[in-house]
Amino acid sequence: MTGVDLTEETIFTWGAPPLKFGAGASDEVGFELSQYGVKRVLIVTDPGISAIGAPQRIADNLRRYEIDSEIFDGVHVEPTDDSMNKATEYARVQGPWDGFVAVGGGSAIDTAKAINLLTSHPGELMDYINKPIGSAKVPPGQLKPLIAVPTTAGTGSESTAMCVLDILSMKVKTGISHWRLRPTLAVIDPLLTLSLPAGVTAASGMDIVCHAVESYTARYYTTFDRKKPEERVTYCGSNPVSDLWCEKAMNLIAQSFRTAVHEGDNLEARSNMMMAATFAGMGFGNSGVHIPHANAYPIAGMVKDYRPADYPQDEPMVPHGESVSLTAPEAFRFSFESAPERHLRAAELMDPRADKVDDPREQLPSVLVSLMRDIGIPNGIGGVGYTEADVPDLVPGTMKQQRLLATCPKTPTEDDIADILTKSVENW
Ligand SMILES: [Fe+2]
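Residues numbered from 1 in each chain as written. Predicted model: local features only at pLDDT ≥ 70, side-chain atom pairs only at ≥ 80, totals over all residues. Heavy atoms only, no water.

Another aspect to go through is the domain arrangement of the chain. Along its sequence, the chain is organised into domain 1 (25-188) and domain 2 (198-423). Between the C-alpha centres of domain 1 and domain 2 the distance comes to 25 Å. Across the boundary between the two partners, domain 1 contributes 22 residues, which contact 23 residues of domain 2. Together, the buried faces of domain 1 and domain 2 total about 1,600 Å²; carbon and sulfur atoms form 60% of this surface. Summed over the three residues of domain 1 that lose the most area to domain 2, namely Ala153, Gly154 and Lys173, the buried surface amounts to 28% of that side. There are zero salt bridges connecting domain 1 and domain 2. In this structure, the connection of domain 1 to domain 2 is made through two residue pairs in polar contact (both at pLDDT 80 or more). Put simply, the parts of the chain that give the side of domain 1 that touches domain 2 at least two residues each are β6 (162-167) and β7 (172-177). (Domains from an automatic or database assignment. Contact = heavy atoms within 4.5 Å. Buried area = accessible area lost by both parts, 1.4 Å probe. Salt bridge = Lys/Arg side-chain N within 4 Å of Asp/Glu carboxyl O. Polar contact = N/O pair within 3.5 Å; in protein donor to acceptor, adjacent residues only side chain to side chain. Helix = DSSP H or I, 4+ residues; strand = E, 2+ residues; numbered from the N terminus.)

Set out below in structure tokens:
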């Protein structure tokens, strides 16, 4: 080959599941699973979603295609090693299964990915979890069919190859990432999101915003060291295909995010947000996310007594979408100089009518702050109970997320992270 320096990376990878999208799509799960010849299926969900009835409706639909199913509704919102092990144990005892349906947010879909892996192949959760926490064992072969049916517009887990969980004993969030975990099919039905309360719509939507913008501003794939075929990872940095999906996701956010929060029964806005979530997943699921998501780990993990409106009130929590968004304005001020045109383009796509500010570095933060104020996101990490005095305790949790920090085109030091957190105590 001529003209190619093979010490530099020249290759990117991109993957996504097939989609079935639209109002009423969840009524076609039975037909879809029947195409795989499955006879016995485990439906994986959480108690809140189960109470709404969507999993039972899908079970009834499966019966029409002579597919037996059971509903496991023990998914823990923000899953842990403990909750995933319990779910797997249930699936092993009640199995065997020849397919899975995940109904819910990222927690249900990620738990179903783990169950599918651990019932399709030998081994325990820790064998497959990313290094250095687990052994990063590669799934030895194909998994069973898994159909993901998201009920929130947020994580994009239906299109990613990642399963995220908290390791309780180490107080750290990590995961399993391998292309074999990606759902076989994503069935996306905006009707399932019509009754989501405004607080959940706002927080989940900010997760989409951060996926799209972090992915779009991630290090370009050619700037990483060249990898051997067996070293290729799920996240390879921003690349031309991920960029397309992120741009479109930002565009849909501009059209519909505020409406979806303030007029929950607006089906067009709900459909656009579901598409935005999936498109952003098709972007960041291949490119990666960086500082805002790295900061989200300690912000959520060290929660004091914050209890967000519209979420279960039984334990303190910072919803994932809030935790990723609270330091985003400051993080993008920090990363601006490494890719100014991408930051400006993101601001333009998410708010084409925004007033231009004098300092170009402020354009994206001002668009984000205006959006967060309009939809009722807390004002900075101070809004969820932290003060400047907490910053030194938060920093190590962010620094543990080296894989994410290395995805930022300007890799932050410990002092940079402390500075970003301090300036994010209040965002306006
Ligand atoms: Fe996220």
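Within the protein, the iron ion binds to Asp207 (OD), His211 (NE2), His293 (NE2) and His320 (NE2); these donor distances fall in the range 2.1 to 2.2 Å. Here the iron ion binds four donor atoms, and the angle range of 84 to 168° at the metal identifies the geometry as irregular. Written as a sequence motif, the donor residues of the iron ion are D-x3-H-x81-H-x26-H. Of this pair, Asp207 sits in helix α7 (residues 198-216) while His320 sits in helix α11 (residues 320-325), and the two are 113 residues apart along the sequence. Residue Asp207 is classed as buried on the basis of its relative accessible area, which comes to 2%. (Donors = N, O, S within 2.8 Å, 3.2 Å for Na, K, Ca; no water. Tetrahedral: all angles 85-135°; square planar, octahedral: opposite > 155°, others 65-115°. Buried < 20%, exposed > 50% of the residue type's maximum accessible area, 1.4 Å probe, protein only.)

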